[in-house]
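Residues per chain are reported as follows:
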Amino acid sequence: MKKLPVALIVSALLAWSGPSLAREASSAMGELRSFTKNKLFDDLTAAEHTATRQAARTRKLKSPLRVCADPGNMPLSSREEDGFQNKIAKLLAEDLGTHASFFWRPYHERGLTRETFQNDECDILMDMPIELQDLLTTEPLYRTTYVFAHREDRNIKIENLDDPVLNELKIGVFQHSGIREALVRRGVRGLHLQIISYDTDLRPESQPWRQVQQVIDGELDVAAVWGPFAGWLKTMKNEPIVIQPVNLWEDHVPMEFELAIGMEQNQVMLKYMLDWALHRKHKEITAILQEYGVPLIKCAKCAADGDLPAHGSYYDRIRNVSQDRFLKEAPKIMPTEKAAAHQIVTKERLEGWLADGADIDRELFASVTGNDAERLSFLISKGGDVNKRHATGATPLDAAASSRRPSLIKILIDAGADPNATDNDGFFPLLHAINRNHVPSIEALVKGGADIEKKTKDGITPLSWAIGDNKFFAAKALIDLGANVDATSGYEEVTPLMVLATQLAARTRSGHISQGPQPLDLAQELIDKGANVNTLSKDGISAIMIAAGHNNAPIIGLLGKAGADIDVKSPIGQTATDIAKSAGFDSAVGALNMIARGTSGASGPPAGPSTPIPN
């Protein structure tokens, strides 16, 4: 679990405030006009973006462009450097005055986007979904889709993903693919699964494109694959196959994606340099993708535009899935018709186990993790201890709260479970529910007697914990349930408004969905509930000072509109405007100047387009 950073809020502000640091900031800002690695992309002002973008237009790289590439995933990439990703990377590197060097790492391995950059193995990753939250990405290179591939001489006719003919065919699918999920959701039988492999450079037969070869060889009727795998065999290998895009046939599981080049969040100059290179080399990039037979979907903002029709936004589907996760109880997974008798726990089997000496408290805990309300009630009736801790130190109520199961929470509390029991780490059921950002569990706990103001061993209230950990669905639920909006947290005695002042709004529409209510919305809720905008922390810092120190212009505007005092001074004599200026935060300075002129207002950044992340 992440520890709430409220203990650093005030000390960080005080550390920023000295005159020597102001001179450092001024010097750094001058360098920022041409290149920045000391700020994240979202932290730059509009003026800084403009200046960096213009400087990037003619800038060249002085060292090789290091590319993390898959050693065995044709036609995308290979150790022989004959995949289209390899060729595009070389093209862009040449345009930037250097050459591409490749660090070979299977893209299917865990930790790809994290470990590669942390270990300084490369500068960029190819074909990353646009707006992938963990990375900074270029403008999209192209947009493509999953497809059905089958032999021309078979004359197979597939009308849509609900076509009954699919149940009569042997269909190859890859373990981690959206098209597999879409077919499984429809109950399609006859799926032949290709398992993910991490040594495909040594075992080419395990590369995903091989399922298309199995179709050509007559081993499969259809391959349901990522479009480039099939297109390559048709155009470069001249294989007689039919390729059917499926992106228009599915409205729930994304079948098409815009792909870009990914890098670390602070590589702003490199992003803009690559954007310019994509613009200059868009014809060559298009030619490479067409040569490899990549099915190209219409995409006006992509370097390579296509002619296949686009599905459009999957925004509504993602929103519904996200809201189900945070606003509904986790569904119980029922055994399938193929489940063996020994895999199903019945009342009769339980009674037999208990008669043979089974630990009833262990079985009770297992019933919670198995989301089995009937089994749980039976074990309670037999004398199971609802407060007995598991070997991990968790109580059954902790487990229910961590698993998004409010119905089990109610059963346990009604049977005497302590909703405020604290473990050795200072955690309790309400914190577990907050960490899952799960509204029904929070409501069940509070209605069952959980102390909504119970602090952690570090003195942090549940509301401030939720805000500081970006659990905004949970924060909204706590506010609605009557949490004290002025309760202080930590040794610095910061309020929920002060913690919110550190939180920036999501910059993308998909980010808005995953976060839920935005910081600006929550701040307004707190103010509407009577939060004092001028409360000072133990060290004499106000919410608007903290917002200024985090370049949080929307929160500054809201606080100003609610009557925040911008003239109050910190212990070292600085106002919020002084703090923003010393840190070089133009947006914050502008918002504070608007308040000073009596024109304060709150506005958040516009939501950007959503691009789902492929499986």
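Residues numbered from 1 in each chain as written. Predicted model: local features only at pLDDT ≥ 70, side-chain atom pairs only at ≥ 80, totals over all residues. Heavy atoms only, no water.

1. Here we look at unusual backbone geometry
Logical step 1: For the peptide bond that leads from Met-74 to Pro-75, omega is 5°, which places it in the cis range.
Logical step 2: We note that Asn-238 has phi near 55°; this positive angle belongs to a residue other than glycine.
Logical step 3: Among the secondary structure elements, Asn-238 is positioned in the loop between helix H8 (227-235) and strand S11 (241-245).
Logical step 4: Its identity as a non-glycine residue notwithstanding, Glu-493 has a phi of 55°, on the positive side. (Helix = DSSP H or I, 4+ residues; strand = E, 2+ residues; numbered from the N terminus.)

2. A few points about the pattern of salt bridges
Logical step 1: With the rule as written, the count across this model stands at 24 salt bridges.
Logical step 2: Glu-81 is paired through a salt bridge with Lys-90; the nearest N and O atoms lie 2.8 Å apart.
Logical step 3: Classification of Glu-81 by relative accessible area gives partly exposed; the value is 29%.
Logical step 4: What makes Lys-90 partly exposed here is its relative accessible area of 34%.
Logical step 5: With its nearest N and O atoms 3.0 Å apart, the salt bridge here joins Arg-186 to Asp-162. On the criterion of sequence distance, the pair formed by Arg-186 in the loop between helix H6 (178-185) and strand S9 (191-194) and Asp-162 in the loop between strand S7 (142-151) and strand S8 (171-174) is long-range, its members being 24 residues apart.
Logical step 6: A cluster of three or more residues bridged by salt bridges with shared partners is formed by Arg-143, Glu-256, Glu-258 and Lys-301. (Salt bridge = Lys/Arg side-chain N within 4 Å of Asp/Glu carboxyl O. Buried < 20%, exposed > 50% of the residue type's maximum accessible area, 1.4 Å probe, protein only.)

3. Structural notes on the packing of aromatic side chains
Logical step 1: Using the criterion set out here, one finds ten aromatic pairs in the structure.
Logical step 2: Ring geometry for Phe-102 and Trp-104: centres 5.3 Å apart, planes at 20°, overall stacked.
Logical step 3: Overall, the relative accessible area of 15% leaves Phe-102 in the buried class.
Logical step 4: Through a chain of ring-to-ring contacts, three or more aromatic side chains come together here, namely Phe-84, Tyr-142 and Tyr-292.
Logical step 5: Taking NZ or CZ as reference, Arg-325 lies 5.8 Å from the ring centre of Phe-326, over its face. (Phe/Tyr/Trp six-rings, centres within 6.5 Å; stacked < 30°, edge-to-face > 60°. Lys NZ or Arg CZ within 6 Å of the ring centre and 35° of its normal.)

4. Considerations on the confidence of the model for the protein chain
Logical step 1: On average, residues of the protein chain score 85 in pLDDT, and 86% of them are at 70 or above.
Logical step 2: Averaged over each element, pLDDT in the protein chain is lowest for helix H2 (residues 19-32) (33) and highest for helix H4 (residues 84-95) (98).
Logical step 3: Counting interchain partners and residues more than four positions distant, the pLDDT-below-50 stretch residues 14-36 has 34 contacts.
Logical step 4: Here residues 600-615 is modelled with pLDDT under 50, and outside its nearest four sequence neighbours on either side it reaches 49 contacts, counting other chains as well. (pLDDT = per-residue confidence, 0-100. Contact = heavy atoms within 4.5 Å.)

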